Amino acid sequence: MHTHFNTYLLSCYSEVRTRICSNRTNMQALQNIEQFIKGVKMDNWTAALLTGATCVVGSVVVLVKKINSHRETEDKIKRARNRREESLQRAEQAVLRYKESHPTTDSAFILTLSLSELTQQLKEGSLSPEDVLYSYMEKTLAVNKKLNCCTEVLLESLDQLKTVGSNKDGLLYGVPVSIKDNIAFKNHDCSCGVIINLDQPAEKDSVLVQVLKKQGAIPFVRTNLPQALLNYDCSNPIYGQTVNPHNPQKTSGGSSGGEGALIGGGGSLLGIGTDIGGSIRIPASFCGICGFKPTAGRLSLQGLHSVCRGQKSVSSSAGPMARDVDSLALCMQALLCDHMFSLDPTVPPLPFNMEIYRSSRPLRIGYLENDGYTQPSPSMARGVREVKALLEQAGHTLVPYCPLKMDQIIPELLIKGVLADGATTLLQKLKGGPVDPCLEPQVFPYGFPKWLKKTISFLLKPVFPRVSANIGALSGVGSVPELWKQHAAVEDYIHETIAHWRSCKIDVLLCPVIGPAYNFLYCGKIATAVSYTILYNLLNFPAGVVTVSTVTAKDEEELKHYKGCYQDMWDKLFKEVGNMYQ
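The structure contained in this document is the topic of the report that follows. Owing to the predicted nature of the structure, the values given are computational and were not obtained by experimental measurement.

### Focus: the overall build of the chain
- For the chain, the helix and strand inventory stands at 23 helices and twelve strands.
- The proportion of buried residues among the 582 residues of the chain is 52%.
- In the chain, of all internal contacts separated by at least 6 residues, the share reaching a separation of at least 24 is 78%.

So this is what it looks like as structure tokens:
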């Protein structure tokens, strides 16, 4: 028995040894233990005692590994924050030096110009790219102190000033542009708000950054986003919470929330975001700016990072964010150029059609106030009604429209599409670091075993059918054949919707976008509210947001009578967050 036990004990010891960290003190201690085990003659009591000791050693090893992992995570976060702080300090010093040497620069005037006015003055030479960049850099630094919207100032922009004159014919010559943190810029991380992506700098610029530079634009700052992107708040464990430029007690929205906050706060007049469920349009709504999600593939995605790469059911797009619609159009015109088509041949070589953009022909426009899945807040519905009246006054025809099968496509096509793997990839990306409070309530059920998700779904179905369907969908599709069926169902739904549009004879659709801005920590609790935006990612239709109005006291009064489409917990939460003065 002693021989067998010794063999077992040494086997356990060998396993422990392979797992422990390569620390000299630890290794010496283990060698002592090894000699002790080999030399001892054991009775049953000693054998049991040493078995317990081995288990203790194993537990210590696991604990040491966890401690080391925690320290590594903290070190990564600290390095990222130090890089940001250093870039902010160096940018501030550069601004001070420039102001001292150029005391006549009228930054206040520069910041009032629209994008079209600014590009005109830059081309004429009445403004220099240096004056414009330093003016916006100074404003960005001030806005970031209030809103925490930037992850890093791109100090390379100061060097680009020396060569930008070679692109004077570019449509965005001399224009400072902000870019979302997941858009690759050479020698900088694309964190996506997750620890695992830190300390992995991009080897080259994304195609969009290359095209912006070719058009004379100067990317000068990168902006914050939520952890793992799949959330419409804007907070992560690395850079913290971005707040709303109009109310610091509210979120800026997400996932392009850093862009929304920076542009809404006046620190940038043009930015590039990404959108897979409303990630450009929701922060545009929350921050009072404009945003555009093109058809997927219209702009290059090379060098744009996501946490669930390979997901094909719900399409992601890059797109511009700005103060007005003309700025969005100018940015699209600049990006849709031969240089992008050459860099990324997968993008259809179709330039921006300015004739269609400027057309004033009367349109037949569908409109909806309520999609039948998420009852809009009073301010959302009022915005649609006001724009409907203005469009009718302008000579357009407005007809009612309602999207098809929202109660079915949200769980079966959207949730099962985005989380086809049962959220396995997303959860793996979150390992090795803390989960941000804004994301925690959203991902908590993702980790449930499949049988538990199915059981909860079954139990809730008679009482809360919408909650039941969505929790059941969190299990994903289950197999490759089921994934193909899901892809086919998405294609069928797109064709069915197009046929429905044609039967209504509509050219375009007017619909609400969620608002007003939420209090912190609510976005992860009410994922259903993105029904007004994510539908158009599924359909792969272009969609944009324009500023219409602000919330009124009457809207707040009407909100007291809000019931919702399902009267479930999500409707109650939506009523709660819709209170602007809460």
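### Quick notes on the packing of helix H15 (residues 406–418) against helix H19 (residues 465–473)
- Following both chains from N to C, one finds H15 and H19 inclined at 25 degrees, their axes separated by 9 Å at the closest point. Overall, the two elements H15 and H19 adopt an arrangement that is roughly parallel. By crossing handedness, the relation of H15 to H19 is classed as right-handed. Side by side, H15 and H19 meet where Ile-410, Pro-411, Ile-415 and Lys-416 of the first sit next to Ala-469, Asn-470 and Ala-473 of the second.

### Considerations on the nonpolar core
- Counting 66 residues, the largest nonpolar core has Tyr-232, Leu-426, Ile-514, Tyr-518 and Ile-526 as its most contacted members.
- Taken together, the elements giving at least two residues each to this core come down to helix H10 (281–287), H15, helix H16 (424–430), H19, helix H20 (480–504), helix H21 (531–539) and helix H23 (569–577).
- The greatest single-element share of this core, amounting to seven residues, is contributed by H15.
- Excluding its chain neighbours within four sequence positions, the residues that come into contact with Tyr-232 are Gly-253, Gly-254, Ser-255, Ile-282, Ile-514, Tyr-518, Cys-523, Ile-526, Ala-527, Ala-529 and Val-530.
- Listed in part, the 65 residues of the second largest apolar core include Tyr-136, Leu-154, Leu-270 and Leu-328.

### Let's talk about the packing of aromatic side chains
- This structure, assessed with the given rule, holds nine aromatic pairs.
- Taking 5.3 Å as the distance between ring centres and 45 degrees as the angle between the ring planes, the aromatic pair formed by Phe-286 and Tyr-518 counts as tilted. You can see Phe-286 sitting in helix H10 and its partner Tyr-518 sitting in the loop between strand E11 (508–510) and H21, a full 232 residues away along the chain. Both residues of the pair, Phe-286 and Tyr-518, count as buried.

### What to know about the sheet that holds strand E7 (residues 290–293)
- The strand order across the open sheet formed by seven strands is E1-E3-E2-E6-E8-E7-E12, and the pairing between neighbours is mixed. This sheet does not close on itself; its edge strands, each paired only once, are strand E1 (150–153) and strand E12 (543–545). The average angle at which neighbouring strand axes cross in this sheet is 25 degrees, direction not considered.
- Lying on the sheet, helix H6 (residues 129–147) is in contact with E1, strand E2 (176–180) and strand E3 (218–223); it crosses E3 at an angle near 5 degrees.

### Comments concerning the pattern of salt bridges
- A full pass over the atoms with the stated rule returns 20 salt bridges.
- As a salt-bridge pair, Asp-189 and Arg-83 come within 2.9 Å of each other at their nearest N and O atoms. Taken together, the residues Asp-189 in the loop between E2 and helix H8 (207–214) and Arg-83 in helix H3 (residues 44–101) connect sequence positions 106 residues apart.
- Among the ionic pairs, Arg-281 bridges to Asp-275, the shortest N-O distance being 2.8 Å.
- Members of the salt-bridge network, linked through shared partners, are Arg-79, Arg-83, Asp-189 and Asp-199.

### What to know about the sheet that holds E11
- With parallel pairing, three strands are arranged side by side in an open sheet as E10-E9-E11. Two strands bound the open sheet, and with one partner strand each, they are strand E10 (397–400) and E11. Taken over all neighbouring pairs, the strand axes of this sheet differ in orientation by 35 degrees on average, direction set aside.
- Pairing geometry for strand E9 (residues 364–367) and E10, over four bridges, is parallel.

### Focus: the pairing of E7
- With two bridges joining them, E7 and strand E8 (residues 317–322) adopt antiparallel strand pairing. Bridge pairing in E8 places Gly-291 opposite Met-321.
- Sheet topology places E7 next to E12; three bridges connect them, and they run antiparallel. By the bridge assignment, Phe-292 is partnered in E12 with Gly-544.

Reading the values: rules and limits
Residues numbered from 1 in each chain as written. Predicted model: local features only at pLDDT ≥ 70, side-chain atom pairs only at ≥ 80, totals over all residues. Heavy atoms only, no water. Helix = DSSP H or I, 4+ residues; strand = E, 2+ residues; numbered from the N terminus. Buried < 20%, exposed > 50% of the residue type's maximum accessible area, 1.4 Å probe, protein only. Contact = heavy atoms within 4.5 Å. Axes fitted to C-alpha atoms, helices over the stretch in contact; angles between N-to-C directions. Parallel < 35°, antiparallel > 145°, perpendicular 65-115°, else oblique. Left-handed = near helix turned anticlockwise from the far one by under 90°. Core = buried A, V, L, I, M, F, W, Y, C linked by side-chain atoms within 4.5 Å. Phe/Tyr/Trp six-rings, centres within 6.5 Å; stacked < 30°, edge-to-face > 60°. Pairing = 2+ DSSP bridges. Salt bridge = Lys/Arg side-chain N within 4 Å of Asp/Glu carboxyl O.

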